[in-house]
Amino acid sequence: MMQLYFASTSAYVRKVMVCATVLGLAEEIHRLDSAAHPIERDERIAAFNPLAKVPALRTENGICLYDSRVICEYLNARAQGGLFPQDGDARWRSLARQTLGDGIIDAALLARYEFSARPPEKQWQSWANAQLQKVAAALAEVERQASGFSDRPHDIGLIAIGCALGYLDFRFAELNWRTGHPLTAAWFAVFDAHPAMVATRPHV
C-alpha cells in the first residue's frame with residue numbers, strides 16, 4: 001500500500017486525493033498524520049521528503065515522491081488515467097492551468113504565513129498585499145477561461161484550479177472571490193459538488 005503524509009487543510013494534499021479518488025486509487029493510500037509548518041519542521045515528513053513538506057508519498061517499492069505535481073502524475077500513470085493529456089495544445093493548456101491553480105495556492109499560503117507564522121513585530125502588510133494581488137490577477141485569468149471549463153474533475157489543470165478556489169473559501173472567505181467572477185463562480189458551484197471534491201474538502 002502507498003503511504004502519504006497527509007494534512008486535511010492542505011490544498012496540495014487535496015489535489016493529490018482528488019486525483020486518487022477520480023482514478024480509483026484512494027483506498028490504496030494509507031494516510032499518515034503530519035504537522036507541516038514553515039518554521040517548525042516535522043521530521044516524520046522528512047523521512048519521505050527532505051523539505052519536510054506535504055504531500056509526500058512512498059510507493060510500495062519504496063520510492064519517495066514529493067510535490068503534488070509529481071505525485072499526481074505518478075498516480076495517473078499508475079492507473080493509466082487521462083488526467084494529463086498527452087498530445088498537442090490540450091497538454092500544454094492543462095499544464096498551464098495546473099500552474100495557474102498552484103500559483104493561487106502558493107500566493108495565498110505566503111499571505112497566510114505572513115500573519116500566522118511571523119511574530120506581530122515582523123509582519124509586513126505590503127508583502128501580504130502583493131501576494132493577494134497575484135491571487136486577484138490569477139482569478140481574472142481563470143474568469144477569462146471559465147466558460148470553456150468542463151464541470152468534471154477529469155483534467156489536472158481543472159483539479160488544481162478547483163482546489164485553489166476551495167482553499168480561498170477555507171482560508172480567505174473575506175476575499176469574496178465570487179464577486180466579480182460570475183463565470184468562475186457558476187463553474188465552481190457544479191465542479192465542487194463532484195463526489196471527489198466533496199470527499200476531500202478541507203477541515204480543521
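Our subject is the structure listed above.
Here's what I pulled together on the structure shown here. Every value quoted in this text rests on a predicted model; they were computed, and no experiment measured them.

1. Notes on the side chain of Asp192
- Secondary-structure assignment places Asp192 in the loop between helix H7 (182–191) and helix H8 (195–198).
- Taking relative accessible area as the criterion, Asp192 reaches 13% and is therefore assigned buried.
- A polar side-chain atom of Asp192 sits 3.3 Å from a polar atom in the side chain of Arg14.
- Residues contacting Asp192, with those up to four places away along its chain left out, are Arg14, Met197, Val198 and Arg201.

2. As for the layout of surface pockets
- Its volume calculated, the largest pocket comes out at about 910 Å³.
- The wall of the largest pocket is formed by 37 residues, among which Tyr12, Lys53, Val54, Leu109 and Tyr113 lie closest to the centre.
- Listed by contribution, the elements that provide at least two residues to the lining of the largest pocket are helix H1 (11–22), helix H3 (68–79), helix H4 (88–116) and helix H6 (156–171).
- By residue class, the composition of the lining of the largest pocket is 18 nonpolar, nine polar and ten charged.
- Here the second largest pocket defines a volume of roughly 150 Å³.
- Lining the second largest pocket we find Pro38, Ile39, Leu110, Tyr113, Glu114, Ala117, Arg118, Pro119 and Trp127.
- Of the residues forming the lining of the second largest pocket, the biggest block, three residues, is contributed by H4.
- Its residues assigned to classes, the lining of the second largest pocket shows seven nonpolar, no polar and two charged.

3. A few points about unusual backbone geometry
- At the junction of Val54 and Pro55, the peptide bond is cis and its omega measures out at 0° in the coordinates.
- Mapped onto the elements, Pro55 comes out in the loop between helix H2 (43–46) and strand E3 (56–58).
- One non-glycine residue, Asn176, lies in the positive phi region at around 50°.
- Assignment of secondary structure puts Asn176 in the loop between H6 and H7.

4. Remarks on empty space enclosed by the protein
- What the rule picks out here adds up to one cavity of 30 Å³ or more.
- Empty space within the largest cavity amounts to approximately 30 Å³.
- Along the walls of the largest cavity sit Thr9, Ala11, Arg14, Cys163, Gly166, Tyr167 and Pro202, which together make up its complete lining.
- Of all elements in the fold, only H1 and H6 reach the threshold of two or more residues within the lining of the largest cavity.
- Broken down by element, the residue count for the lining of the largest cavity peaks at three residues, all from H6.

5. Section: the environment of Gly101
- Topologically, Gly101 is positioned in helix H4.
- Spatially, the C-alpha atoms of Gly101 and Glu141 are 10 Å apart, while their sequence positions differ by 40 residues.
- In contact with Gly101, other than residues within four places in its own chain, are Ala160, Ile161 and Ala164.

6. Quick word on H7
- All of the buried residues along H7 are Thr184, Ala185, Trp187, Phe188 and Phe191. Across the axial projection of H7, the buried residues extend over an arc of 165°, all falling on one side. For H7, exposure combined with an orientation more than 90 degrees from the buried face picks out Pro182 and Ala189.
- Its buried side turned inward, H7 meets helix H5 (125–145), H6 and H8.

7. Some details on the environment of Gln123
- Secondary-structure assignment places Gln123 in the loop between H4 and H5.
- Considering only alpha carbons, one finds Gln123 and Tyr167, 44 residues apart in sequence, at a separation of 22 Å.
- In contact with Gln123, not counting residues within four places along its chain, are Glu114, Phe115 and Arg118.
- Looking at Gln123, its side chain comes within polar contact range of the main-chain oxygen of Arg118, at 3.1 Å.

8. Here's the deal with the packing of H4 against H6
- The interhelical angle for the contact between H4 and H6, taken along N-to-C directions, is 20°, at an axis separation of 6 Å. With respect to H6, the element H4 is oriented roughly parallel. In this structure, H4 meets H6 at a crossing whose hand is left-handed. Facing Ser94, Arg97, Gln98, Gly101, Asp102, Ile104, Ile105, Ala108, Leu109 and Arg112 of H4, the residues of H6 in contact are Ile156, Gly157, Leu158, Ala160, Ile161, Ala164, Tyr167, Leu168 and Arg171.
- Among the residues making up the contact of H4 with H6, the classes are represented as eleven nonpolar, four polar and four charged.

Each value, and the rule that gives it
- Residues numbered from 1 in each chain as written.
- Predicted model: local features only at pLDDT ≥ 70, side-chain atom pairs only at ≥ 80, totals over all residues.
- Heavy atoms only, no water.
- Helix = DSSP H or I, 4+ residues; strand = E, 2+ residues; numbered from the N terminus.
- Buried < 20%, exposed > 50% of the residue type's maximum accessible area, 1.4 Å probe, protein only.
- Polar contact = N/O pair within 3.5 Å; in protein donor to acceptor, adjacent residues only side chain to side chain.
- Contact = heavy atoms within 4.5 Å.
- 1 Å grid on protein atoms, 1.4 Å probe; cavity = no way out; pocket = protein on both sides within 12 Å on 5 of 7 lines; lining within 4 Å.
- Points joined across faces, edges and corners; volume = space filled by probe spheres on them.
- Nonpolar A, V, L, I, M, F, W, Y, C, P; charged D, E, K, R; others polar.
- Arc of directions from axis to C-beta.
- Axes fitted to C-alpha atoms, helices over the stretch in contact; angles between N-to-C directions.
- Parallel < 35°, antiparallel > 145°, perpendicular 65-115°, else oblique.
- Left-handed = near helix turned anticlockwise from the far one by under 90°.

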